[in-house]
Amino acid sequence: MLEFRTQGYNGYSVKYSPFFDSRIAVAASANFGLVGNGRVYILGLTPNGIVVEKWFDTQDSLFDTTWSESHENQLLAASGDGSVKLFDITLSQFPIQSWQEHAREVFSVHWNLVGKDTFLSSSWDGTIKIWNPNANASLTTLPTHSCTYSAEFSPHSPSILSSVSSDSHLRVFDLRTPASASNHLTMNIPIHTPPKPRMGAAAPVGVPPSEALTHDWNKYRDTIIATAGVDRLIRTFDIRAPAAGPIAVLSGHEYAVRRITWSPHLSDILLSASYDMTCRVWTDGSAMGVGSVRQENMVQDDPMVYGGGKEMGSMGRHTEFVTGVDWCLFGAEGWCASTGWDERVLVWDCRAIMQ
Amino acid sequence: MAHSSTQRLEMLSRQLNPQSTNDAKARILEKRPDDVVICVALRTALTKARKGAFKDTKLEGLLVPLLKGVRERTHFDTELVEEIVVGNVLHKDSTFITRASAIAAGFPATTAISTVSRWCSSGLLAVEAVAHKIAARSIDIGIAVGAESMSTNRDGGAPEFPDSFMENPTIKDVTELMPWTSENVARDFNVLRQKQDEYAAASFQKAEKTQKTGLFQDEILPITTKWKDPKNGEMKDVVADRDDGIRYGTTKEALGKIRPAFPQWPPATTTGGNASQITDGAAAVLLMRRSVAEQLKVPVLGKFVASTVIGLEPRIMGIGPSIAIPKLLKKVKLEKEDIDVFEINEAFASMLVYCVEKLGLDPATVNPRGGAIAFGHPLACTGARQIVTALAELKSSGKKIGVTSMCVGTGMGMASLIVSEQ
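Criteria and thresholds
Within each chain, residue numbers correspond to sequence positions counted from 1 in written order. Both sets of labels track the order of writing: A upward for chains, 1 upward for ligands. Per-residue local features of the predicted model are confined to residues with pLDDT of at least 70, and side-chain atom pairs are confined, for both listing and counting, to 80 or more; whole-chain, interface and lining totals are unaffected and use all residues. Note: side-chain values were computed over all heavy atoms of the structure, leaving out hydrogens and water. Each helix is a run of DSSP H or I of at least 4 residues and each strand a run of E of at least 2, with the numbering of both proceeding from the N terminus. Exposure categories follow from relative accessible area, calculated using a 1.4 Å probe and restricted to protein chains: below 20% of the type maximum is buried, above 50% is exposed, and the middle band is partly exposed. Contact between two residues is taken to exist if any of their heavy atoms lie within 4.5 Å; hydrogens are not considered. What sets the accessible areas is the Shrake-Rupley method with a 1.4 Å probe; for residues, cover comes only from the shown protein chains. Here, strands pair whenever DSSP counts at least two bridges between them. UniProt positions are given in the numbering used here, feature names are shortened, and annotations may be inferred rather than shown by experiment. Working definition: rings of Phe, Tyr and Trp (its six-membered ring) pair if their centres are within 6.5 Å, and the pair is stacked with planes under 30 degrees apart, edge-to-face with planes over 60 apart, and tilted otherwise. Charges are assigned to positions over rings by a cutoff of 6 Å between ring centre and Lys NZ or Arg CZ, combined with an angular limit of 35 degrees from the ring normal. To get an axis, fit a line to the C-alpha atoms, keeping to the stretch in contact for a helix; angles then go from 0 to 180 degrees between the N-to-C directions. Side-chain atoms within 4.5 Å link the members of a nonpolar core, which is a set of buried Ala, Val, Leu, Ile, Met, Phe, Trp, Tyr and Cys residues. We call a pair of cysteine sulfur atoms a disulfide whenever their separation is within 2.5 Å. pLDDT is a residue-level measure of predictor confidence that goes from 0 to 100. Between Lys or Arg on one side and Asp or Glu on the other, a salt bridge is scored when a side-chain nitrogen of the former is within 4 Å of a carboxyl oxygen of the latter. By this rule, a helix spans an expected 1.5 Å times one less than how many residues it contains. When two components associate, each loses some accessible surface as probed by a 1.4 Å sphere; the sum of these losses over both components is called the buried area. N or O atoms within 3.5 Å of each other form a polar contact, as long as, within protein, one can give a hydrogen and the other can take it, and as long as residues adjacent in sequence are counted only when both atoms are side-chain atoms. Residues are grouped as follows: nonpolar covers Ala, Val, Leu, Ile, Met, Phe, Trp, Tyr, Cys and Pro; charged covers Asp, Glu, Lys and Arg; every other residue, Gly included, is treated as polar. Angle categories: roughly parallel below 35 degrees, roughly antiparallel above 145, roughly perpendicular from 65 to 115, and oblique for all the rest.

Chemist: How should the overall build of chain B be read in this particular structure?
Modeler: Helix and strand content of chain B: 16 helices and 12 strands. Put simply, chain B has 422 residues, and 58% of those count as buried. Pairs at least 24 residues apart make up 81% of the contacts formed inside chain B by residues separated by at least 6 positions. Looking at chain B as shown, the accessible area adds up to about 17,300 Å², and 53% of this sits on carbon and sulfur atoms.

Encoded structure:
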């Protein structure tokens, strides 16, 4: 396990470069992101450990970062002052562009993985904005009317994006649909829909709504989205059956789940980061064989675990809230990086913690 | 800047302790896909037994037009109604009548029926039955009805019990008449006649005001029925569209002059003016799961949150609401101050006075449209009628949370909690 200290700054987001296997970006904030400056670190993984290649300071806290998919030296940062900033790591100090449109804190930024010419941001102001890096103003604003902690483009289509927000809903937008009344909204799924009752377990009732903080599209199955948040549960949904409720419900985290990300290598594996100071690896049970014995008996070990999904391992080396986690896209499957409020970035191999 | 950091801190603490800001009331007001919601709520007029518009209308004559009324207010396929549960106390063949009436009202043979009874709480018992079936997913959509024709079905009281039963004083109390229990409440808890008349007069005055402002029209489905003119014996069509028991200009002084109805039972405070009237009527509530309502695009009036029941000594059965309501509120973790409207059935003014004062309720929140003293208590109708009235009152006053409750003959109290979403 490699370690780097973001001295004086509490981590909020970590992202591997899509171009280089040895480069990581970290968005961090002074004073736990409550008040004060932000900083983007560009870290290099070297035989001598993790070294800082560069950093950029900002006036307000930073809550997320994402690498450009079209330019290997550029990355975005989501700022507490409502701005979205584009940095170029070959230049010093200042962002090459800063877009100030959101009325409140920006909580997520994400680059279009297919189109590569657009990116999005989501904010506490209840909107998602679509941007082109060459335009001065946003291309589109999609209202969610609710503090939107996380928004993402589909990795399978340039015009489909999704969000989760504090109103406990997973929204899917399709930019090909007419804007008209629905503002491209094509799906609005209550995350707190109870799972389908299974034989041998009582039907869960009265699942309360709860703030959703993070979500991610499965990289292989183009209709599967995982969500997680304040109710400590990770759920997976199939957007082909939006009314069917979650297909997997994964419980284990002891506090809110702050970040989840599907494996770029394995279709059933996802990684989570939580306020309970752990990162955990999960299978949603969709891979062949997992959970099949229990399925035949139609009796679940744990009534909250559906479809045979389960926790595969836990990484407990952080000593404060874990807020960011990401997979390395290159090399052997399993390498990942995490960051948190303990002012540390950890780079580790999750195969080491899997049982 | 300081402002935004405080808000960020609040956001983080909310993420860590969702319970801290998510109090019981907020949770009850939440809209969840598996909520049991009320989509139609309406009633017939309540008319005096043996005098009013329904005096020659049998149980089916109440059920068929009311069920038709419910059907006409829904725009989805009638076949989707899986069960109709009717609360009825007095008709000995109520289950047959219900099956036939559902078909006569245009429901297909695939819509099942059942009947329930727990005396004065039968209407609420029917609502509870449908709500529980929906919550347990045995059905998705159901109709609960409370219906009573007191004109055409005699209240025979308790059956004859064997001596071994009657030797038990509590069982003996079960066989006693309701006014006797009212006098027991007045005596045991020292509820003065004057106070009873004061509450009774208030009931008439509130009902009079509601009727004159036309607000009861939100609740009532007008029904045309046959009525036999006592003067010449002719049958004619009449429209039952208003409650006929509400005596305008009633004052506590006027009620104070009425002779005690039961001088044999001291303190003999119960009169024809401060007890519920004997009345015909019916009320219906259509319930479904919220996810189904959203799918069918059916507008939602409110949700049915919880209900409970509790027994007590039969000799003071009237005070049932004073223990059923606290039990209910404890279950849902609410305080009485959280409740905007209480519908407490006015079986007798004695129990009404006791319950309101024992619970320490603000009288302005109790029966704001008047109650059974003013417009009658058709036994099984009342529980469903209270839901209809509470929803209409919550709508017109722009408020949210309602509790309905009633005392039950033989010593019980039932209560329910609903939330208006209008």
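Chemist: Sorry, what's going on with the pairing of strand 7 (residues 235–240) of chain B here?
Modeler: All names here are of chain B. Pairing of strand 6 (residues 223–228) with strand 7, which is carried by 6 bridges, proceeds in the antiparallel orientation. Bridged to Ile-223 within strand 7 is Ala-240. Taken together, strand 6 and the strand that follows it, strand 7, pair antiparallel across an intervening segment of 6 residues, in which Gly-233 is found at a positive phi of about 75 degrees.

Chemist: How do you make sense of the UniProt feature "repeat: WD" (unreviewed entry) in chain A when you look at a structure like this?
Modeler: Taken from the UniProt record, the annotation "repeat: WD" (unreviewed entry) applies to residues 99–141 and 250–282 of chain A. Across residues 250–282 of chain A, the secondary structure splits into 0% helix and 52% strand, with the terminal C-alpha atoms separated by 8 Å.

Chemist: Is there a simple way to explain the packing of aromatic side chains in this structure?
Modeler: What describes a pair of aromatic rings is the distance from one ring centre to the other and the angle between the planes of the rings. Residues and elements named next belong to chain A. Going through the model one piece at a time under the given rule, you end up with 19 aromatic pairs over all chains. An angle of 40 degrees between the planes, with centres 4.8 Å apart, marks the rings of Phe-321 and Trp-341 as tilted. Here Phe-321 is found in the loop between strand 25 (310–315) and strand 26 (322–327), whereas its partner Trp-341 is found in the loop between strand 27 (335–340) and strand 28 (344–349), with 20 residues between them in sequence. Among the residues examined, Phe-321 registers a relative accessible area of 14% and is labelled buried. On the accessibility criterion, Trp-341 (9% relative accessible area) is buried. Following the ring pairs from residue to residue traces out a cluster consisting of Tyr-12, Phe-32, Phe-63, Phe-107, Trp-124, Tyr-149, Tyr-275, Phe-321 and Trp-341. One cation-aromatic arrangement involves Arg-232 over Tyr-255; the distance from NZ or CZ to the ring centre is 5.6 Å.

Chemist: Sorry, what's going on with the environment of Ala-349 of chain B here?
Modeler: Here Ala-349 of chain B is to be found in helix 14 (residues 349–359). Residues in contact with Ala-349 of chain B, not counting those within four places in the same chain, are Gln-196, Ala-200, Asn-274 and Ile-373 of chain B.

Chemist: Where do I start with the sheet that holds strand 27 of chain A in this structure?
Modeler: Sheet strands pair via backbone hydrogen bonds, and the direction of the pair is either parallel or antiparallel. Residue and element names in this part refer to chain A. Spatial strand order, 1-28-27-26: 4 strands in an open sheet with antiparallel pairing. With one partner strand each, in any of the chains shown, strand 1 (2–5) and strand 26 form the two edges of the open sheet. In this sheet, neighbouring strand axes are inclined to one another by 15 degrees on average, regardless of whether the strands run parallel or antiparallel. As judged from the 4 bridges shared by strand 1 and strand 28, these two strands associate in the antiparallel manner. When the bridges of strand 28 are listed, Glu-3 appears paired with Leu-346.

Chemist: Which parts of the structure should I look at to understand the nonpolar core?
Modeler: As a rule of thumb, nonpolar side chains are buried together in soluble globular proteins. Residue and element names in this part refer to chain B. By size, the foremost hydrophobic cluster in this structure holds 82 residues, and its most contacted members are Ile-84, Ile-143, Val-145, Leu-286, Leu-287, Met-288 and Phe-304. Among residues more than four places away in sequence, those in contact with Val-145 are Leu-63, Leu-66, Leu-67, Ile-84, Val-85, Val-86, Gly-87, Ala-126, Ala-283 and Ala-284. Of all hydrophobic cores here, the second largest spans 37 residues; its members include Val-185, Ala-324, Ala-347 and Val-366.

Chemist: How should I be thinking about the pairing of strand 18 (residues 212–217) of chain A in this particular structure?
Modeler: For a regular strand, the rule is simple: side chains alternate between the two faces of the sheet. Residue and element names in this part refer to chain A. Across the 6 residues of strand 18, 6 count as buried, placing the element largely inside the fold. Both strand 18 and strand 19 (residues 224–229) contribute to a ladder of 5 bridges, which runs antiparallel. Bridge pairing in strand 19 places His-215 opposite Thr-227. A loop of 6 residues connects strand 18 with strand 19, the two strands running antiparallel in sequence.

Chemist: So what exactly am I meant to see when it comes to the state of the cysteines here?
Modeler: The bond known as a disulfide is covalent and runs between the sulfur atoms of two cysteines. Overall, the coordinates contain 0 disulfides over all chains when judged by the stated rule. Here Cys-279 of chain A is not disulfide-linked; the sulfur of Cys-336 of chain A is the nearest cysteine sulfur, at 7.0 Å.

Chemist: Even after reading the chapter, I still don't get the confidence of the model for chain B, so can you show me in this structure?
Modeler: Detailed reading of predicted coordinates is not advised where the pLDDT is low. Averaged over all residues, the pLDDT of chain B is 95; the fraction at 70 or higher stands at 98%. Interface confidence in the predicted complex, given as ipTM, is 0.86; pTM for the same model is 0.69.

Chemist: For this particular structure, what's the right way to read the pattern of salt bridges?
Modeler: Pairing between side chains becomes possible if they bear opposite charge and their charged atoms approach one another. All told, the structure shown has 44 salt bridges over all chains when counted by the stated rule. Across the pair Asp-276 of chain A and Arg-280 of chain A runs a salt bridge, and its minimum N-O distance is 3.0 Å. Each member of the pair Asp-276 of chain A and Arg-280 of chain A is classed as buried. Overlapping salt bridges, with partners in common, bring together Arg-43, Glu-219, Asp-243, Arg-369 and Glu-393 of chain B in one network.

Chemist: Explain helix 4 (residues 59–72) of chain B here, please?
Modeler: Each full turn of the α-helix corresponds to 3.6 residues, which orients residues three or four apart in the same direction. All names here are of chain B. With 14 residues, helix 4 extends 20 Å between its outermost C-alpha atoms, agreeing within 8% with the 20 Å of an ideal straight helix rising 1.5 Å per residue. Three or more residues of helix 4 are buried, namely Leu-59, Leu-62, Leu-63, Val-64, Leu-66, Leu-67, Gly-69 and Val-70. Against the buried residues of helix 4 lie strand 1 (36–43), strand 3 (83–87), helix 5 (94–104), strand 5 (141–148), strand 6 and strand 8 (279–289).

Chemist: How should the interface of chain A and chain B be read in this particular structure?
Modeler: Many structure descriptions define interface size as the accessible area lost when the parts assemble. In this complex, chain A contributes 36 residues to the contact, which on the side of chain B involves 19 residues. Interface area, chain A with chain B, both sides summed: about 2,200 Å², of which 60% is carbon and sulfur. Sorting the residues of chain A by area buried against chain B places Leu-34, Trp-124 and Val-230 of chain A first, and these three jointly supply 23% of that buried surface. The salt bridge partner of Arg-8 of chain B is Asp-60 of chain A, with a shortest N-O separation of 3.3 Å. At the boundary of chain A and chain B, one finds 9 residue pairs in polar contact (both at pLDDT 80 or more). Each residue belonging to the side of chain A that touches chain B can be placed in one class, and the counts come to 24 nonpolar, 6 polar and 6 charged.

Chemist: Even after reading the chapter, I still don't get the side chain of Ser-101 of chain B, so can you show me in this structure?
Modeler: The residue Ser-101 of chain B is located in helix 5 in this model. With residues up to four places along the chain from it excluded, the contact list for Ser-101 of chain B reads Glu-60, Leu-63, Val-64 and Leu-67 of chain B.

Chemist: It is not clear to me how the confidence of the model for chain A should be interpreted in this structure. Could you clarify?
Modeler: Overall, the prediction assigns chain A a mean pLDDT of 91, with 91% of residues at 70 or greater. Taken as a whole, residues 288–305 of chain A scores under 50 in pLDDT and shows 23 contacts with residues more than four places along the chain or in a different chain.

Chemist: What should I look at first to understand the packing of helix 6 (residues 122–135) of chain B against helix 16 (residues 381–397) of chain B in this one?
Modeler: When two helices pack together, their arrangement is captured by the angle between the axes and the distance separating the axes. Residue and element names in this part refer to chain B. With their axes 4 Å apart at the nearest point, helix 6 and helix 16 run at an angle of 70 degrees to one another. The pairing of helix 6 with helix 16 is recorded here as roughly perpendicular in orientation. Counting all contacts with helix 6, which are made through Gly-123, Leu-124 and Val-127, the residues of helix 16 involved are Gly-383, Ala-384 and Ile-387. Of the residues belonging to the contact of helix 6 with helix 16, the class tally is 4 nonpolar, 2 polar and no charged.

Chemist: I would appreciate a short explanation of the environment of Thr-66 of chain A in the present structure.
Modeler: Residues and elements named next belong to chain A. Looking at the secondary structure, you find Thr-66 in strand 6 (residues 62–67). Here the alpha-carbon distance between Thr-66 and Ala-27, two residues 39 residues apart in the chain, equals 9.2 Å. Other than its neighbours up to four places away in sequence, Thr-66 contacts Lys-15, Leu-75, Leu-76, Val-109, His-110 and Trp-111.

Chemist: Got a minute to help me understand the sheet that holds strand 12 (residues 127–131) of chain A in this structure?
Modeler: All names here are of chain A. Pairing within the open sheet is antiparallel, and its 4 strands lie in the order 10-11-12-13. Every interior strand has two partners, whereas the edge strands, strand 10 (106–111) and strand 13 (140–143), have only one. Strand-to-strand, the axes of this sheet are offset by a mean angle of 20 degrees, without reference to chain direction. Sheet topology places strand 10 next to strand 11 (residues 119–123); 5 bridges connect them, and they run antiparallel. Considered in strand 11, the bridge of Ser-108 is made with Ser-122.

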